[in-house]
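# Observations on chain architecture
Listed below are the residues making up each chain.
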Amino acid sequence: MKRRDFIKNASLTGMGLAVGNALTNCEENTSDQNKELTNTPKNNSKRASPIVVATWHVISATAKAMEVLNQDGNALDAVEQGCRIEEANEKGQTVGKGGLPDRDGNVTLDACVMDKHGNCGAVVYLQNIKHAVSVARKVMEDTPHVMLAGEGAKQFALSKGFTTENLLTEASKEAWEKWKIEAQYKPIINIENHDTIGMLAMDKNGDISGACTTSGLAYKLGGRVGDSPIIGSGLFIDNEIGGCVATGLGEEVVKTVGSFLVVELMRQGKSPQEACEEAIKRIVNKPNSNYKNFQVGYIAINKQGETGSYAIHQWFSMTKFQNGVNEQIQSGYFNKT
Ligand code: GLY
């Protein structure tokens, strides 16, 4: 059967029209100003100071994203290019090539992007294609859909010129073979300084976009999908308010629609830091929460260029690039015991 290229029609893309020219002023950074956030587009003409934030210690990725912004690239280009750095980094065992496989030895990738108009695209259970984030962007831009899964996502990627490769590196194969000896299904609290890579950027126009990419939970059941490709859970952007991305045990993020929650809390007047803290509390304060056994972390940015990050456990960090400084910032955390 002949493959059809989808061309998005105007009615499917019209959802972004309400945003308008929401230029912002990042020079003032007070919490009072934050409390005045409303659902009304800002209309001042000041240029924003570009900012990139990402989950974990990913200095090269944020550097790439800032390079794109400094060359007048937009926030969506920046987060895509930044995430691609980690997808290509074979040493990182949680994203793209080199990601740890599921319990059957298959590396399966989840990713999504969301832009300033509220447009979004995602791929789930994608195999043998390294740059899941770029396939997600193609889904957003070249189809009338939001999400493609499995073989369909792969065939779509091939039709767009992506090429296949074996994503299971020797190191990850070795780790999987070791795991198979006991084959215990135990989510590991991530203290290894790496997990899902989520990135948020604000460009010179003050517009915000985000992206998220992961190989998911190591040794998961075949077919398992986490939070990372689920818009509202792993990532959410509202260009009038801000954006949020999540990392950690996806099941717990999905149950609280975490990233959407953080953005909605910012809409109600909370700072990014306060919103991330509240969203973590929603998880740990659930009756019978077994939060001591898993990690979740959020990072967020608002229209004023304020940022925040918070996690359940210690050792989560955010990489932030602003005003020429590209640094890892240790995140606050809930569990002090
Ligand atoms: N946060 C990534 C996952 O749970 O798959």
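Bear in mind the structure is a predicted one, so any value in this text is a computation, not a measurement. (Residues numbered from 1 in each chain as written. Predicted model: local features only at pLDDT ≥ 70, side-chain atom pairs only at ≥ 80, totals over all residues. Heavy atoms only, no water.)

## What about the environment of glycine 96?
- Mapped onto the elements, glycine 96 comes out in the loop between α4 (75-88) and β2 (109-114).
- Considering only alpha carbons, one finds glycine 96 and threonine 213, 117 residues apart in sequence, at a separation of 7.6 Å.
- Leaving out residues up to four positions away in the same chain, glycine 96 has contacts with Glu87, Val107, Leu109 and Lys130. (Helix = DSSP H or I, 4+ residues; strand = E, 2+ residues; numbered from the N terminus. Contact = heavy atoms within 4.5 Å.)

## Notes on the confidence of the model for the chain
- On average, residues of the chain carry a pLDDT of 87, and 83% of them reach 70 or more.
- Scored below 50 in pLDDT, residues 1-45 shows 87 contacts in the model against residues more than four places distant or in partner chains. (pLDDT = per-residue confidence, 0-100.)

## Details of the site of the ligand
- Near the ligand the following residues occur: Thr196, Gly216, Leu217, Arg224, Gly226, Asp227, Ser228, Gly248, Leu249 and Gly250.
- Between an oxygen atom of the ligand and a side-chain N or O atom of arginine 224, the distance comes to 2.6 Å.
- Within the contact set of the ligand, a nitrogen atom lies 2.7 Å away from a backbone nitrogen or oxygen of glycine 248.
- When the ligand is considered free in solution it has 200 Å² of accessible area, and contact with the protein chains removes 98% of it. (Near = heavy atom within 4 Å. Polar contact = N/O pair within 3.5 Å; in protein donor to acceptor, adjacent residues only side chain to side chain. Areas by Shrake-Rupley, 256 points an atom, 1.4 Å probe, with all protein chains shown as cover.)

## Observations concerning the sheet that holds strand β8 (residues 242-248)
- Spatially, the 5 strands line up as an open sheet ordered β7-β8-β9-β10-β13, and their pairing is mixed. Two strands bound the open sheet, and with one partner strand each, they are β7 (235-238) and β13 (332-333).
- In terms of strand pairing, strand β10 (residues 307-311) meets β13 through 2 bridges, oriented parallel. In the sheet register, alanine 311 faces β13, and the bridge partner there is tyrosine 333.
- Contacts from helix α9 (residues 258-267) reach β7, β8 and β9 (296-302) within the one sheet, and its direction differs from that of β8 by about 145 degrees. (Pairing = 2+ DSSP bridges. Axes fitted to C-alpha atoms, helices over the stretch in contact; angles between N-to-C directions.)

## A closer look at the pattern of salt bridges
- Counted under the stated rule, the structure contains 15 salt bridges.
- Notably, a salt bridge pairs aspartate 72 with lysine 204, separated by 3.1 Å at the nearest N-O pair. With aspartate 72 in the loop between α3 (59-70) and α4 and lysine 204 in the loop between β5 (197-202) and β6 (208-214), the pair connects residues that are 132 residues apart, well separated along the chain.
- Among the ionic pairs, arginine 137 bridges to glutamate 80, the shortest N-O distance being 2.8 Å. You can see arginine 137 sitting in helix α5 (residues 132-142) and its partner glutamate 80 sitting in helix α4, a full 57 residues away along the chain.
- Residue classification places arginine 137 among the buried residues on the basis of a relative accessible area of 13%.
- Three or more residues are tied together by salt bridges with common partners; here these are Asp77, Glu80, Arg137 and Glu141. (Salt bridge = Lys/Arg side-chain N within 4 Å of Asp/Glu carboxyl O. Buried < 20%, exposed > 50% of the residue type's maximum accessible area, 1.4 Å probe, protein only.)

## Topic: the nonpolar core
- In this structure, Val123, Val262 and Tyr298 are the most contacted members of the largest nonpolar core, which totals 84 residues.
- Non-local contacts of valine 262, meaning those with residues more than four positions away in its chain, are made with Cys244, Ala275, Cys276, Ala279, Tyr298 and Ala300. (Core = buried A, V, L, I, M, F, W, Y, C linked by side-chain atoms within 4.5 Å.)

## A closer look at the packing of α9 against helix α10 (residues 272-284)
- Remark: α9 packs on α10, axes separated minimally by 9 Å, with the N-to-C direction vectors making an angle of 135 degrees. Judged by the angle between their axes, α9 and α10 are oblique. Remark: the crossing between α9 and α10 carries right-handed chirality. Note on element contacts: α10 touches α9 through Pro272, Ala275, Cys276, Glu278, Ala279 and Arg282, opposite Leu261, Val262, Leu265 and Met266. (Parallel < 35°, antiparallel > 145°, perpendicular 65-115°, else oblique. Left-handed = near helix turned anticlockwise from the far one by under 90°.)

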